[in-house]
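Topology and contacts: notes
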Amino acid sequence: WYLVHEISSGTIDGDVTIAALQVRMALTESLQLVAYKDGYTDFSDDTAHLSNNDGWNDIGAGLKWAFIQDWEKQFHMAAGIGYEFGWGDEEVLQKSDELRLWLSANKGFEKLHLGATVNYIYATDDSQGLLNNSDFVSVHLHADYFLTEWLSPVAEINGYFVTDEGPAGALGVTTDFNGVDGFSIAGGDKDDTITGVLGFELRPLGDDLGLRAAYETQLNDDDSLFGYRWTFSAVYEF
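Worth saying up front: this structure is predicted, and the values here are computed from it rather than measured.

A contiguous nonpolar surface patch, about 670 Å² in accessible area, is contributed by Met25, Leu27, Leu33, Leu63, Ile81, Leu101, Tyr120 and Tyr122. By the secondary structure assignment, Tyr122 is in strand 10 (residues 112–123). What makes Tyr122 partly exposed here is its relative accessible area of 36%.

Pasting the structure below:
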């Protein structure tokens, strides 16, 4: 994964790039080991408070249980549990422990595929990190269409809703936003973040390799750190 993110708020703004690797391994036909967060973050030299900061991200891993796999009806459901270890660098808004619970459902209608995922993120120690952390729920709605054997357009709606705001961090800053899926920030529960995504997947070598690109931007007007981002990824199955 490679992200180019323009963050914007009254406290922090500037450019940030993130490079990461996600690994999934089938343990059984229905149980999967997922390493879902790692990588390296680099803030640009014009980012307020974090100018020229770079460092490692936290490490997150867990188990995913696909308890419904109806291939004939193209219907699947899964639940998962994971833990993010605060081993990253607080200079890039990491170093926070989190427990993650999630539930997902996917339904296919021939070439059209719809999906939904709900995550609950619990900051097991909200006094960690440069700006600390908060608890939140994230909701993700996905749609893609198998236009050809090698191309699928993709659209998504994502929502991030703080359920328990954390204390001020080491910088003495309290905010009305959270760090959504990228940064550990003790956000407030007054302003939610809703984003929209448009992108595509290319399969030049068949289903084993997917090349993806997407543009994501905030849809609501509330104060947020999100701004907009470009995401590029390559997915290889073997």
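On we go from here.
The subject of this paragraph is the packing of aromatic side chains. The final tally for this structure, using the stated rule, is ten aromatic pairs. On the numbers, 4.8 Å between centres and 20° between planes, the contact of Phe85 with Trp87 is stacked. The class for Trp87 is exposed, based on a relative accessible area of 61%. Arranged with centres 6.4 Å apart and planes meeting at 10°, the rings of Trp230 and Phe232 form a pair that is stacked. Taken together, the ring pairs connect Tyr215, Tyr228, Trp230 and Phe232 into an aromatic cluster. The lysine or arginine in question, Lys107, covers the ring of Phe109, its NZ or CZ lying 4.4 Å from the ring centre.

Successive side chains on a regular strand alternate, one facing one side of the sheet and the next facing the other. Strand direction decides the pairing type here: strand 12 (residues 151–164) and strand 13 (residues 193–202), joined by ten bridges, are antiparallel. Each bridged residue has a counterpart across the sheet, and for Gly159 the counterpart in strand 13 is Ile194. Here strand 13 runs beside strand 14 (residues 209–218); their pairing, made up of eight bridges, is antiparallel. Paired with Gly199 across the strands is Ala214, a residue of strand 14. Hairpin remark: strand 13 followed by strand 14, antiparallel, with six residues in the connecting loop; positive phi at Gly206, about 95°.

Analysis parameters
- Residues numbered from 1 in each chain as written.
- Predicted model: local features only at pLDDT ≥ 70, side-chain atom pairs only at ≥ 80, totals over all residues.
- Heavy atoms only, no water.
- Patch = residues over 30% accessible without salt bridge, like charges linked within 9 Å, V, L, I, M, F, W, Y side chains within 5 Å.
- Areas by Shrake-Rupley, 256 points an atom, 1.4 Å probe, with all protein chains shown as cover.
- Salt bridge = Lys/Arg side-chain N within 4 Å of Asp/Glu carboxyl O.
- Helix = DSSP H or I, 4+ residues; strand = E, 2+ residues; numbered from the N terminus.
- Buried < 20%, exposed > 50% of the residue type's maximum accessible area, 1.4 Å probe, protein only.
- Phe/Tyr/Trp six-rings, centres within 6.5 Å; stacked < 30°, edge-to-face > 60°.
- Lys NZ or Arg CZ within 6 Å of the ring centre and 35° of its normal.
- Pairing = 2+ DSSP bridges.

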